[in-house]
Amino acid sequence: MQALQDKLVAPISQRTSLLFFIMTFSAVVPLYFESVRVLAGLVFLGILVTLSFKSYQTKSYQISKMEKAWIYVAVIYAGFFIFNYFLHTPYSKDGEWRNAAPIFILWFSYWYFLSIRLNLQKQLINYVALSSIAVAVILFAVELIIADSLVGYRFGLVSDGSRGLAATGFILPITTVLLTVLWLQNRSWLYFVLLLTGLLLSGLNGSRTAFIMVMIPILAGLAFLLIWNRTFSKKIKVWAILVIMPLLLMTAFLAKDKIKDTFTDFSAIEKGQYMSSMGLRMAMWDTGIIALEDHWLLGVGPSDYKMHIVSVVNKMDYSPEVKGFISGVMQIHNQYLMTSILSGVVGLMSLFFFLGYPVWVFMQSFKEGNEIASVVSIGLIIGIVFVMFFGAIFTYTYTTIFYMLATSSLVSFFAKSREQ
């Protein structure tokens, strides 16, 4: 039956496939190099329009129930956020800025649907992973050239400050997992070298976010291999330990300073000192919980967020320095609290679906026998879910866009693998 369906689907030309790859590449480049966002955006939109006309010449295409449901989940999450913006007046520039991320979710929902119309969804994971690792290597080379000194070097910080550090710290671990899934699929040396490159660059980022997001998928895959899997011999499992554990230790070593800071920060918190990375997060979480007390159903809306947080934190018993920091930042460093404050309990539920639906897809694929790749992918989402307790990742466009790119490609990868 599947073979018959494949024959009915019109073949896609290499030119169309190449154009879609260039479009995806142009979407990834500004996530690393923000300065080219206008040019890359024009290329993306130009190809998007061109391929949109092309797609409607293709009368036959396959869309699975999983792929269709994922589009609905993404659109509902973004749509409710935008609806909630219009629900709360008066509007502000801050509220308009916060609409950028959900609008990009809608754009890339269409990008994903277009890939389905063109029957290219099987190639998405290659397009996204290869684009990301290629641009990451280029950025690494640029930073090595422009860096005054490599002492204390952190990947992403030299070229774009804290924004670049946050972008690479989130994007590269996801890219590494995509490359791992591709390597598990065909055992290619190219993908193996590329995933090691992604792992090394993730470690060089030196952040807790990057470390956690590579550690959890690696440990999930290793635990499954050693404890539950019965198809591999003891010799292979020993080799897996000998290869994987040094890589994990290397990543931990590169992030050791931030890991040490975590313990130092908690010691300071016990003494009532909150002017540290974790201390400020604790103060922001406390502020966010109080800010939710009378606005838990629909939130305060994007436009009123800043004023509401400032009014709440000024009534709290923190030092002027802590209050000043919380009043100045654009997010509360917890995606769940942030979503609740902006969109209430309904927005929070849509966020849970936005994060949880891919896990359900991976679990269905696991049941069909695509085991290790599914476990590693589930570990990735668990890592993302965890780091969102410490950062409102969907506040910013660069992290939101790559989540859509990567998760959409994984949904189609496992949906199509399950069908076959």
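Residues numbered from 1 in each chain as written. Predicted model: local features only at pLDDT ≥ 70, side-chain atom pairs only at ≥ 80, totals over all residues. Heavy atoms only, no water.

Observations regarding unusual backbone geometry
Then, number 1: Of note, the bond from Thr89 into Pro90 is cis; its omega dihedral lies within 30 degrees of zero at 0°.
Then, number 2: Here Pro90 lies in the loop between helix H4 (65–87) and helix H5 (93–98).
Then, number 3: Backbone geometry places Asn119, a non-glycine residue, at a positive phi of 60°.
Then, number 4: By the secondary structure assignment, Asn119 is in the loop between helix H6 (100–117) and helix H7 (124–146).
Then, number 5: Residue classification places Asn119 among the buried residues on the basis of a relative accessible area of 16%.
Then, number 6: Residues other than glycine seldom take positive phi values, yet Arg187 does so here, at roughly 55°.
Then, number 7: Within the secondary structure, Arg187 is located in the loop between helix H8 (157–186) and helix H9 (189–205). (Helix = DSSP H or I, 4+ residues; strand = E, 2+ residues; numbered from the N terminus. Buried < 20%, exposed > 50% of the residue type's maximum accessible area, 1.4 Å probe, protein only.)

Some remarks on helix H15 (residues 320–328)
Then, number 1: Every buried residue of H15 is accounted for by Val322, Lys323, Ile326 and Ser327. Taken around the axis of H15, the buried residues stretch over an arc of 130°, which confines them to a single face.
Then, number 2: The inward-facing, buried residues of H15 contact helix H13 (277–291) and helix H14 (305–313). (Arc of directions from axis to C-beta. Contact = heavy atoms within 4.5 Å.)

A closer look at the confidence of the model for the chain
Then, number 1: Averaged over every residue, the pLDDT of the chain is 89; residues scoring 70 or more account for 95%.
Then, number 2: Every residue in residues 1–10 scores below 50 in pLDDT, and together they form 12 contacts with partners more than four places removed in sequence or on other chains. (pLDDT = per-residue confidence, 0-100.)

What to know about the side chain of Ser202
Then, number 1: Mapping Ser202 onto the fold places it in helix H9.
Then, number 2: Those residues in contact with Ser202, other than ones at most four positions away along the chain, are Leu172, Pro173, Thr176, Ala210 and Val214.

Looking at the pattern of salt bridges
Then, number 1: The tally for this structure, following the rule as stated, stands at four salt bridges.
Then, number 2: Here Glu67 ties to Lys416 by a salt bridge, and the two come within 3.5 Å at their closest N and O atoms. Residue Glu67 is found in helix H4, and its partner Lys416 is found in helix H18 (residues 397–419); the two are separated by 349 residues along the sequence. Comparing Glu67 with Lys416, the two get one shared label, buried.
Then, number 3: Close ionic contact of Arg163 with Asp160 constitutes a salt bridge, the shortest N to O distance being 3.2 Å. In this pair, Arg163 and Asp160 both sit in helix H8, three residues apart, roughly one turn of the helix.
Then, number 4: The class for Arg163 is buried, based on a relative accessible area of 15%.
Then, number 5: One connected set of salt bridges, linked through shared partners, spans Glu34, Asp160 and Arg163. (Salt bridge = Lys/Arg side-chain N within 4 Å of Asp/Glu carboxyl O.)

Remarks on the packing of H13 against H14
Then, number 1: Where H13 meets H14, the axes come as close as 9 Å, and the angle between the chain directions of the two elements is 105°. Considering their axes alone, H13 and H14 lie roughly perpendicular with respect to each other. In contact with Thr287, Ile290 and Ala291 of H13, H14 contributes His308, Ile309, Val312 and Val313.
Then, number 2: The residue makeup of the contact of H13 with H14, split by class, is five nonpolar, two polar and no charged. (Axes fitted to C-alpha atoms, helices over the stretch in contact; angles between N-to-C directions. Parallel < 35°, antiparallel > 145°, perpendicular 65-115°, else oblique. Nonpolar A, V, L, I, M, F, W, Y, C, P; charged D, E, K, R; others polar.)

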